[in-house]
Amino acid sequence: MKFPARLAAIPAIALAFSFGVGAVQAQTAMKISISVGQNSHQGVGIDTFAREVEKRTGGRYKVQTFYSGSLGGERESIEAVQLGTQELTLTSTGPVPNFVPAARILDIPFLFRDKAHARAVLDGPIGQEMLKEFEPKGFKALAWAENGIRHMTNSKRAVNAPEDLKGLKMRTMENPVHVAAYKGFGIITTPMAFPEVFTALQQGTVDGQENPLSVIMAAKFEQVQKHLTLTGHVYSPAIFLMNKAAFDKLSAADKQAFLDAAKEATRANRARVDEDDTKGVAELRAKGMQVVENPDKARFQAALAPVYADFEKQFGKANIDRIRNFK
Ligand code: EAX
């Protein structure tokens, strides 16, 4: 079959045209996705990113935003970005070690003292060196953003001490470091993509899950979970990933615009995490959750001593200490 010449002449890449004053300007559309809803710390992140890219490139680039895993879960989105079928994603580091093993070290429980410590590490030389590890795998990592400090919820019982976790069936991210650590708590771990979690909790496929307050609220987990304990057992980074070939095609000025947009987006994202952490407990209590606010964290940490010994072997004690002692 023959195609009419005028159809064949239309380029395969999607180009929209906008009319400036007296000029026709090509606009390139790109996609970015998150697994949580728009009204969230990540939603604020990609909305800010899209707005900033458009502003900083004079409207030549338009970033279309997709929420709630509508383009797939985080692992699928990272895969799509690697392949280039989708240009961008903002994702937690959950599935990242499956693509960039070097990033695993950041997912170690109780590695960071608090958010300020984590942000300083990610924005400092350790975090910035780590962004480069993504390049040989086909990604341009634009910036670290934040998912938040993770806490545990379940439908079975109040968790006051690590012993209370024994035998609980909990959904975990598809992250080998988390799975190893949570097994150390005696949890029955069930790795699962985020878009499936609400239904799994609702149907009792799993008893619980763990996530930052920002995610718990955005996903309305209070509707299917009775108990929340502020275990703060692990910091959860997020990262703006772009297909490397798509980034490399940009002019030097546009590359800088994308990098600056991601930095601006991270500021908005972190501010929303702080806001959610401030009001989260009261809001979740008002919606019926029972909250253990001050568990003895040292005991939870001590329960992981054997797992930690293994992490030190795997990652090198010096590398872990370099992050731990970063000031
Ligand atoms: O990035 O999978 C998870 O639990 C993540 O924290 C969530 O998708 C937000």
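Refer to the preceding data block for the structure.
Residues numbered from 1 in each chain as written. Predicted model: local features only at pLDDT ≥ 70, side-chain atom pairs only at ≥ 80, totals over all residues. Heavy atoms only, no water.

Caption draft 1: How the structure looks around the pairing of strand E4 (residues 88–92). Counting buried positions along E4 gives five out of five residues, so the element sits mostly inside the fold. Neither face of E4 is left uncovered, since the one carrying Leu88, Leu90 and Ser92 and the one carrying Thr89 and Thr91 both have all their residues buried. (Buried < 20%, exposed > 50% of the residue type's maximum accessible area, 1.4 Å probe, protein only. Helix = DSSP H or I, 4+ residues; strand = E, 2+ residues; numbered from the N terminus.)

Caption draft 2: View of the pairing of strand E8 (residues 208–212). Counting buried residues in E8 gives five out of five residues, a clear majority hidden from the surface. Residues of E8 alternate between two faces, with Gly208, Glu210 and Pro212 on one and Gln209 and Asn211 on the opposite face, all of them buried. By the bridge criterion, five bridges tie strand E5 (residues 139–154) to E8 in an arrangement that is antiparallel. The residue bridging Thr153 from the neighbouring strand is Gln209, located in E8. As paired elements, strand E6 (residues 169–172) and E8 share two bridges and run parallel to each other. Bridge pairing links Met170 to Gly208 in E8. (Pairing = 2+ DSSP bridges.)

Caption draft 3: Up close: the site of the ligand. The local shell around the ligand consists of Ser35, Val36, Gln42, Glu74, Ser92, Asn147, Arg150, Arg171, Met173, Phe194, Asn211 and Val215. Asn147 has a polar side-chain atom sitting 2.8 Å from an oxygen atom of the ligand. In this structure, an oxygen atom belonging to the ligand sits 2.7 Å away from a side-chain N or O atom of Arg171. For the ligand, whose accessible area on its own is 270 Å², the fraction buried by protein is 99%. (Near = heavy atom within 4 Å. Polar contact = N/O pair within 3.5 Å; in protein donor to acceptor, adjacent residues only side chain to side chain. Areas by Shrake-Rupley, 256 points an atom, 1.4 Å probe, with all protein chains shown as cover.)

Caption draft 4: A look at the environment of His227. Within the fold, His227 resides in strand E9 (residues 227–243). As a C-alpha pair, His227 and Met152 span 75 residues in sequence and 8.2 Å in three-dimensional space. Ignoring anything within four residues of it in the chain, the contact list for His227 reads Met152, Thr153, Asn154, Ser155, Lys156, Arg157, Ala158, Met289 and Gln290. (Contact = heavy atoms within 4.5 Å.)

Caption draft 5: Here's a closer look at unusual backbone geometry. One non-glycine residue, Phe110, adopts positive backbone phi at about 55°. Owing to a relative accessible area of 10%, Phe110 belongs among the buried residues under this scheme. A positive phi angle is found at Lys220, which is not glycine, with a value near 55°. As for its position among the elements, Lys220 is in the loop between helix H8 (213–218) and E9.

Caption draft 6: Looking closely at the pattern of salt bridges. Here the structure, examined in full by the defined rule, presents 25 salt bridges. For Lys140, the salt bridge is made with Glu135, and the minimal N-O distance between the two is 3.3 Å. The exposure class assigned to Lys140 is buried, which follows from its relative accessible area of 16%. In this structure Glu135 comes out as partly exposed when scored by relative accessible area, which is 30%. Connected via shared salt-bridge partners are Glu52, Lys55, Arg56, Asp260, Glu264 and Arg267. (Salt bridge = Lys/Arg side-chain N within 4 Å of Asp/Glu carboxyl O.)

Caption draft 7: Just the packing of aromatic side chains, in detail. What the rule picks out here adds up to 13 aromatic pairs. Ring geometry for Tyr182 and Phe185: centres 6.5 Å apart, planes at 20°, overall stacked. When sorted by exposure, Tyr182 lands in the same class as Phe185, which is buried. One aromatic cluster is present, formed by Phe49, Tyr61, Phe240 and Phe258 through successive ring pairs. (Phe/Tyr/Trp six-rings, centres within 6.5 Å; stacked < 30°, edge-to-face > 60°.)

Caption draft 8: Local environment of the packing of helix H4 (residues 115–123) against helix H10 (residues 252–286). Closest axis-to-axis distance for the H4/H10 pair is 13 Å, and the angle between their directions is 170°. In terms of their interaxial angle, H4 and H10 are classed as roughly antiparallel. For the element pair H4 and H10, the recorded crossing hand is right-handed. In this structure, H4 uses Lys115, Arg119, Leu122 and Asp123 to contact H10, whose residues at the interface are Arg270, Val273, Asp274 and Asp277. A per-class count over the contact of H4 with H10 returns two nonpolar, no polar and six charged. (Axes fitted to C-alpha atoms, helices over the stretch in contact; angles between N-to-C directions. Parallel < 35°, antiparallel > 145°, perpendicular 65-115°, else oblique. Left-handed = near helix turned anticlockwise from the far one by under 90°. Nonpolar A, V, L, I, M, F, W, Y, C, P; charged D, E, K, R; others polar.)

Take it as geometry only, folks, not as evidence of what the structure does.
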